[in-house]
Amino acid sequence: MRLCPPDKCSACGACEAICPVQCISMQPDAYGVTRPVIGKDCLECGQCSDTCPVLNPPSMHMPSKCFAAWNEDSSQRRRSSSGGVAALLAKAYDHSFGTAWDKDFNAIVKEGDAEEFKGSKYVHSSFSPEAYSSIRSLLKEGREVVFTGRPCQVAGLRNFLGKDFEGLVTADLLCHGTCPQNYLDDELEHIGKKNVTDVRFRSNDSDDFFLTLWNGSECIYRESASTQPYFKAYLEGLSLRENCYTCPYARPQRTGDLTLGDFIGLPGQKSFVGVNTPKGEKALERIREAFPSLRLEEHPYSDRQAYRPSLLQTTDKSPLRGKFLPLYPRYGFAKSARKVLRHSILKEKYMKTFPRFHKMAHTLKSKILRMFLLLVPALISLGCTSRQLKSGDLVFVGIPVDYSLDSTSMSSGIAAATGKEGPLNYIHTAIAEVEGGQVWIIDATLAHGVDRHPLDTFLTDFTLRDGSYPVFEVMRLKKGPRDLVENAKKHIGEPYDNNFLPDNGASYCTELVRDSYLDKDGKPILPANPMNFKGPDGEFPVYWVQLFGILGSPIPQDIPGTNPQDMHSSPLLEKVDVDLTALR
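Residues numbered from 1 in each chain as written. Predicted model: local features only at pLDDT ≥ 70, side-chain atom pairs only at ≥ 80, totals over all residues. Heavy atoms only, no water.

A.B. asks: Even after reading the chapter, I still don't get the pattern of salt bridges, so can you show me in this structure?
C.D. replies: Charged atoms that come close allow side chains of opposite charge to pair. A full pass over the atoms with the stated rule returns 27 salt bridges. The partner of Arg-338 in a salt bridge is Glu-187, and the shortest N-O contact between them spans 2.8 Å. With Arg-338 in helix α12 (residues 321-353) and Glu-187 in helix α8 (residues 181-191), this pair connects stretches of sequence that are 151 residues apart. The residue Arg-476 makes a salt bridge to Asp-393 at a minimum N-O spacing of 2.8 Å. With a gap of 83 residues between them, Arg-476 in strand β18 (residues 471-477) and Asp-393 in the loop between α13 (355-383) and β14 (394-400) connect regions that are remote in the sequence. Assessed through its relative accessible area of 6%, Arg-476 is described here as buried. Each of Glu-433, Glu-435, Arg-452, Glu-486 and Lys-489 takes part in one network of salt bridges that share partners. (Salt bridge = Lys/Arg side-chain N within 4 Å of Asp/Glu carboxyl O. Helix = DSSP H or I, 4+ residues; strand = E, 2+ residues; numbered from the N terminus. Buried < 20%, exposed > 50% of the residue type's maximum accessible area, 1.4 Å probe, protein only.)

Set out below in structure tokens:
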């Protein structure tokens, strides 16, 4: 059966829940990351692939209103992460589902009360088939249900239900990403405290952004996020699931009726509430009427967008991740994270211990840096001339041939099949648009389908696992029409073409470019050639074998198409001297 690519799977659990013979289970891989595994009893009915939100993205909603919100009752808000709105939402409905700890501190989606759901739980939460079925049963009985969870979980629930029940209200959270449950289990075992009754990461008191462990009302462990290995690894993007680095939900359009998160940039701890649908507006009015202590302060949406992470861009992958992953299978999370983060944690502790000396050193360093920056324009003018980026320019993503790619990634499959002699393997092509001084990218990716997004999102999507950028080369059509961007925009919203076939209502990266680069008669300017999916040894790389095995279709060897390597060498294009990363 066809399931989504492993590096895009969020383990929302919808495929497991929908299976009529219960032959799908979530199993950890060598890095502790859970993914669906299909058992031998599969009927090949296709319900799992039809329900998967990666293969079948749900409709998204642009917020119509934006609020800063907080519960003025500080005693109720103390254990909440920000303004305490999620807890009030849970209290306003008879049946509320969210993430809570079980007795072993596994994060699970369950029906519960506001107290169980309070506080951010920075770990991947399991959405069991039983929880999915319970929500569906309640809705069929005509009950009202509110679900608060990650946007990928909201998408999975909506696809599982198959229709919009009037009684369901969903609230998606602004999500930094999630770590595998195994990582938290190993960390708690390493810390070794006994009789732990609660694990907290956030609160409305002096323990905010501290990992604290509690025995009843007594705090028995407390360490700052900047020096606590599990917390630091999470915040710095070292330990997230691979799909989180290319999350398709880190965008203004949202999956839920409401969106909840921190309202960064305002004084105090306040919640951001985005009202995405009429149903969401009714839900917000409901809690406003039910709880007089709720304060709402309307803002322009741009106020919240000023802080980009989780809303306009995904979490950056830590440059240390390439060191962490090889250690994990041997040492587990706690030891691997400490080995990798040792120097940065020591530095943080030094700065806290000797703040005055650090400030003096930092001031001296800043003065030297400013002197250097004053010289940069003159140095640049001596060494090169640059040309301005223009709408319709193509951006090619090049990977050095000696860079070791994950054999299970699409990038490795493309590089192996299309790479030629030279310093770079080109794995992706995108179209640039310059509008009002801002650079936008239109391209086709597994994460977004065909989409238009800011340059920052594009650069983040293609950051290598060691934290460095690949080579971004800008190419321009030597002669021909310049209204190519408008052609590309007609394809926005199409899914990514996993099958790499022509004229099927979906697009892969260079297919989008070819279908957009049209002459005055509407015919493609760039040619199509028989596609090759085989590596230099004449065999199909691992990625293509796995992908088309999941799709249940033959590898389209020799089908007419395009690839980034051949397109880059087209005599119809010329290279433009533009540093793309300097434009972000």
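A.B. asks: It is not clear to me how the packing of helix α6 (residues 129-140) against helix α7 (residues 151-161) should be interpreted in this structure. Could you clarify?
C.D. replies: Pairs of packed helices are described in terms of their axes, by the angle between the two and the distance that separates them. Two numbers describe how α6 lies on α7: the axes approach to 11 Å, and their chain directions differ by 55°. Judged on the interaxial angle alone, α7 and α6 are oblique. By crossing handedness, the relation of α6 to α7 is classed as right-handed. Residue-level contacts link Tyr-132, Ser-133, Ile-135, Arg-136 and Leu-139 of α6 to Gln-153, Gly-156, Leu-157, Phe-160 and Leu-161 of α7. Residue composition of the contact of α6 with α7, by class: six nonpolar, three polar and one charged. (Axes fitted to C-alpha atoms, helices over the stretch in contact; angles between N-to-C directions. Parallel < 35°, antiparallel > 145°, perpendicular 65-115°, else oblique. Left-handed = near helix turned anticlockwise from the far one by under 90°. Contact = heavy atoms within 4.5 Å. Nonpolar A, V, L, I, M, F, W, Y, C, P; charged D, E, K, R; others polar.)

A.B. asks: Quick question: what am I supposed to make of the pairing of β14 here?
C.D. replies: The two faces of a sheet get side chains in turn, since along a regular strand they alternate between them. With six of its seven residues buried, β14 lies for the most part within the structure. Of the pairings in the sheet, the one linking β14 to strand β15 (residues 424-435) comprises seven bridges and is antiparallel in character. Each bridged residue has a counterpart across the sheet, and for Leu-394 the counterpart in β15 is Ile-431. (Pairing = 2+ DSSP bridges.)

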